[in-house]
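Spelled out, the chains give:
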Amino acid sequence: MLKKDNKYILVALLVTAMVFGNTLSNDFVNWDDPANFLIHPVIASSAGLWISLKAIFTTTVLGNYNPLSTSSFLIDKALFGFENPWGWHMINVLLHMVNVVLVYRISKKLGLGIIAAFVVSLLFGIHPMRVESVAWVTERKDVLFSLFYLLAILQYLKYKSTNNSRHIVWLIVFFTLSLLSKIQAVSLPLSLLAIDFFRSGKWQFRDWISKWYLFGMSLVIGVIGLLFLKEESSLLTDYNGSSFYENIVLAGYSLLVYLYKLVVPFPLSAYYQHPDFLEPRHYLGVLALIGLPIALWRSYKNENKLMFFGLFFFLANVFFVLQWVKAGQGYLADRFTYIPYLGLFLIIGGYIDKSIKENTFSSMKKYGLVVIGLVFCGLTILQNSVWANGETLWSKSIEVNPKSARSYAARGNYFARKGLGTNALQDYNKSLTIKEIPEVKENRAKLLMMNSRDENDSRQALKDLLSFEDKTAEQYINIGALYVMLSENPDALKYYQEGMQKYPEESKLPLNSGRVLQAMSKFEEALFDFEKSIQLNPSHYEAYFEKGRLLRNLQKLNESLPYLNKAIELSPTFCTSFYERSMLYANANQLEQARLDLKKAIELNCEDIDENYKQQLGL
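Quick caveat: nothing in here was measured; it's all calculated off a predicted structure. (Residues numbered from 1 in each chain as written. Predicted model: local features only at pLDDT ≥ 70, side-chain atom pairs only at ≥ 80, totals over all residues. Heavy atoms only, no water.)

Caption draft 1: Examining the overall build of the chain more closely. Scanning the chain from terminus to terminus reveals 31 helices and four strands. Along the longest, intermediate and shortest principal axes, the C-alpha atoms of the chain span 105 × 55 × 45 Å. Taken across its 619 residues, the chain has 51% of its residues classed as buried. In the chain, of all internal contacts separated by at least 6 residues, the share reaching a separation of at least 24 is 68%. For the chain, the accessible area works out to roughly 29000 Å², and carbon and sulfur atoms hold 59% of it. (Helix = DSSP H or I, 4+ residues; strand = E, 2+ residues; numbered from the N terminus. Buried < 20%, exposed > 50% of the residue type's maximum accessible area, 1.4 Å probe, protein only. Contact = heavy atoms within 4.5 Å. Areas by Shrake-Rupley, 256 points an atom, 1.4 Å probe, with all protein chains shown as cover.)

Spelled out as structure tokens, the structure:
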């Protein structure tokens, strides 16, 4: 027979599993999933374990240092590959379920009864604001850092009960692992101080000073994290022209939204666009900035341990994610409440426990909790489906904020990768009508290049790329390619040569310049540029091929052959090299060799092979 405790936690786990079960059918999404694992140079490669771990622990992803979370993706890749997203989602759900168990145990350690601890753990498990942390694979860092964070709290509670120093050792171990999973863990010392107050009803100087080593760890990791964000240009003190004062107002508004969505978790979105200017509703955040400290002080003065503990725990954990200094593109995020809401859930649990002990836990209260639970379950299941793929994710974001230029751009990127060019173009155009974002303009240009239907598409792509003042090497390459498509070779040559001056190490620029020079019958200059491309990138087979082909056309057969041989050596599946070498052998009257190369070109499904030439060789 199961113990009563076990029955309740088992129910909480089953409900949580049922609620998040539909995430297993979700795909990856085009929001940080590519950078974190799909195209991560270590995760996507097949390097050895120790080489991979060394690379992960010495680099950042988008300015974030989360090496333990990133390392966990190595396990996912080994177990499931990229072809089975369900496995990656399953790991997130399992970690979340472990956290539900830890929340239950912490609630019991804090003195809550079975029913109250069950409600707290169930709220933690099913609340719709959990979805972003669980349904988004990239946010593995949320459920993982929280796992170690909660384990550290549990060790602290055990230490307080037994005074056994081994629990402090484990506390430090779990805190370290939590910090390596996500920087948000820096709040742990403050959470432990909240527990100190809850246990004794007051703070003593030793409560603060005894945690010096934890504060030190938080300070070091916090400073390192900020430096990494700044280095990656993800840290902004002036976002969209906003001042520090405006950031404070928005921080207060974020705080108010988090409180509101504890009770009414609607609407939910993956992305809340940073406003270009403050609206009247944003100033309501000042109420939270003033009201919560007052509520905290009053609960302290009135010796309301439960209220003070819960509010302090919430504020201590949410403070560091309120975007006082901008880090990223949004200013709100559902995932930021994953740990902070525990403080508020514990307040709810505390009052339920008090009501049960005072025998005032009426049927109306019970049924009310059941109704709220069912509503939350339904909202969570619906929100999980929003994370099914990039289209559903960004469509919901657009629904919540129709003026979100970046949401349209992100959905456009999803459509482009799926080969839905018309849909992608519509979203890029819509995004640019709302706000001119440089990368969106470049993405539209690339799309128009790949799916050009007429001259107007090429002209628009060209216009987009020419608008950049400080052009990248890739932009120079694409501008030149567009001029070639428009049969304007002199202009193409101009931009290739300008690009070569600015990016002398880029091998594709002289390669493309050589092609244009060849088309303009400037053969010696073309040969010079092909050779320059080879010197810059000796493994670039196309440069060898182009030079070998031009030399053959110039009837310099002996000079041509080594280049064609090298092109084939570097790329044995590039059929045109075999076709070109076949014609070289035919010109040299080495017909058997010519036939062998032509057969190889045919085997590789080479197109545009001259039928007369095949007949001449008897094929």
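Caption draft 2: Structural detail: the environment of Ala601. For Ala601, the location among the structural elements is in helix α30 (residues 591–603). Look at Ala601 and you get buried, because its relative accessible area is 0%. For Ala601 and Val169, which are 432 residues apart along the polypeptide, the C-alpha to C-alpha distance reads 67 Å.

Caption draft 3: Representation of the confidence of the model for the chain. Across the chain, the average pLDDT comes to 92, with 96% of residues at 70 or higher. Confidence over residues 235–241 falls short of pLDDT 50; this stretch has 21 contacts with residues more than four positions distant or in other chains. (pLDDT = per-residue confidence, 0-100.)

Caption draft 4: Geometry of the environment of Ile348. Position of Ile348 among the secondary structure elements: in helix α16 (residues 340–357). The class for Ile348 is partly exposed, based on a relative accessible area of 31%. Sequence spacing of Ile348 and Val120 is 228 residues, and the spatial spacing of their C-alpha atoms is 7.4 Å.

Caption draft 5: Spotlight on the pattern of salt bridges. In total, this model carries 31 salt bridges according to the counting rule given. Salt-bridge contacts for Lys160 lead to Asp196; the nearest nitrogen and oxygen are separated by 3.7 Å. Pair noted here: Lys160 is in helix α8 (residues 140–162) and Asp196 is in helix α10 (residues 188–200), with a separation of 36 residues, a long-range link. For Asp196, a relative accessible area of 4% translates into the label buried. One salt-bridge network, held together by shared partners, links Glu132, Glu139, Lys141, Asp142, Lys182 and Arg335. (Salt bridge = Lys/Arg side-chain N within 4 Å of Asp/Glu carboxyl O.)

Caption draft 6: Looking closely at the side chain of Ser404. Looking at the element boundaries, Ser404 is found in the loop between α18 (390–400) and α19 (405–417). Among residues more than four places away in sequence, those in contact with Ser404 are Tyr271, Gln273 and Ile434.

Caption draft 7: Up close: the nonpolar core. Trp31, Ile153, Tyr258, Phe314 and Trp387 are the most contacted members of the largest nonpolar core, which totals 109 residues. The element contributing the most residues to this core is α8, with 13 residues. Non-local contacts of Phe314, meaning those with residues more than four positions away in its chain, are made with Leu255, Tyr258, Leu259, Leu292, Pro340, Tyr341, Gly343 and Leu344. Counting residues in each nonpolar core, the second largest holds 58 residues, with Leu448, Tyr495, Ala526 and Leu617 among its members. (Core = buried A, V, L, I, M, F, W, Y, C linked by side-chain atoms within 4.5 Å.)

Caption draft 8: Spotlight on the side chain of Ser121. By the secondary structure assignment, Ser121 is in helix α6 (residues 114–126). With residues up to four places along the chain from it excluded, the contact list for Ser121 reads Ile9, Ala12, Val100, Val103 and Tyr104.

Caption draft 9: Structural detail: the packing of helix α20 (residues 421–434) against helix α21 (residues 438–450). It is the contact of α20 with α21, at a shortest axis distance of 10 Å, that shows an interaxial angle of 150°. It follows that α20 is roughly antiparallel to α21 by the angle criterion. At the point where α20 passes α21, the crossing takes the left-handed sense. Every residue of α21 that contacts α20 at Gly421, Ala424, Leu425, Tyr428, Asn429, Ser431 and Leu432 is listed here: Val440, Lys441, Asn443, Arg444, Leu447 and Leu448. Of the residues in the contact of α20 with α21, the class split is seven nonpolar, four polar and two charged. (Axes fitted to C-alpha atoms, helices over the stretch in contact; angles between N-to-C directions. Parallel < 35°, antiparallel > 145°, perpendicular 65-115°, else oblique. Left-handed = near helix turned anticlockwise from the far one by under 90°. Nonpolar A, V, L, I, M, F, W, Y, C, P; charged D, E, K, R; others polar.)

Caption draft 10: View of the state of the cysteines. Taken as a whole and assessed by the stated rule, the structure comprises one disulfide. Linked covalently through their sulfurs, Cys575 and Cys606 form a disulfide whose S-S length is 2.3 Å. Across the S-S bond linking Cys575 and Cys606, the dihedral sits near 75°, which makes this disulfide right-handed. Remark: Cys606 occurs in the loop between α30 and α31 (611–616) and Cys575 occurs in helix α29 (residues 575–587); sequence separation between them is 31 residues. Residue classification places Cys575 among the buried residues on the basis of a relative accessible area of 12%. (Disulfide = S-S within 2.5 Å.)

Caption draft 11: Up close: the packing of aromatic side chains. Taken as a whole and assessed by the stated rule, the structure comprises 38 aromatic pairs. Across the ring face of Phe124, the terminal group of Arg130 is positioned such that the distance to the ring centre comes to 5.0 Å. (Phe/Tyr/Trp six-rings, centres within 6.5 Å; stacked < 30°, edge-to-face > 60°. Lys NZ or Arg CZ within 6 Å of the ring centre and 35° of its normal.)

Caption draft 12: Highlighting a nonpolar patch on the surface. A cluster of nonpolar side chains, namely Tyr245, Tyr283, Val286, Ile290 and Ile294, defines an oily patch on the protein surface of about 470 Å² accessible area. For the nonpolar patch, the leading source of residues is helix α14 (residues 285–301), giving three residues. Summarising the element assignment, Val286 is placed in helix α14. (Patch = residues over 30% accessible without salt bridge, like charges linked within 9 Å, V, L, I, M, F, W, Y side chains within 5 Å.)

Caption draft 13: Summary view of α30. With 13 residues, α30 should reach 18 Å at 1.5 Å per residue; the first-to-last C-alpha distance of 18 Å fits that figure. By the burial criterion, the buried members of α30 are Ala594, Asp597, Leu598 and Ala601. Here the buried residues of α30 occupy an arc of 100° about the axis, which is enough to place them on one side. Summarising the contacts, the buried residues of α30 are in contact with α29 and α31. Just downstream of α30, Asn605 is the residue with a positive phi angle, here 60°. (Expected span 1.5 Å × (residues − 1). Arc of directions from axis to C-beta.)

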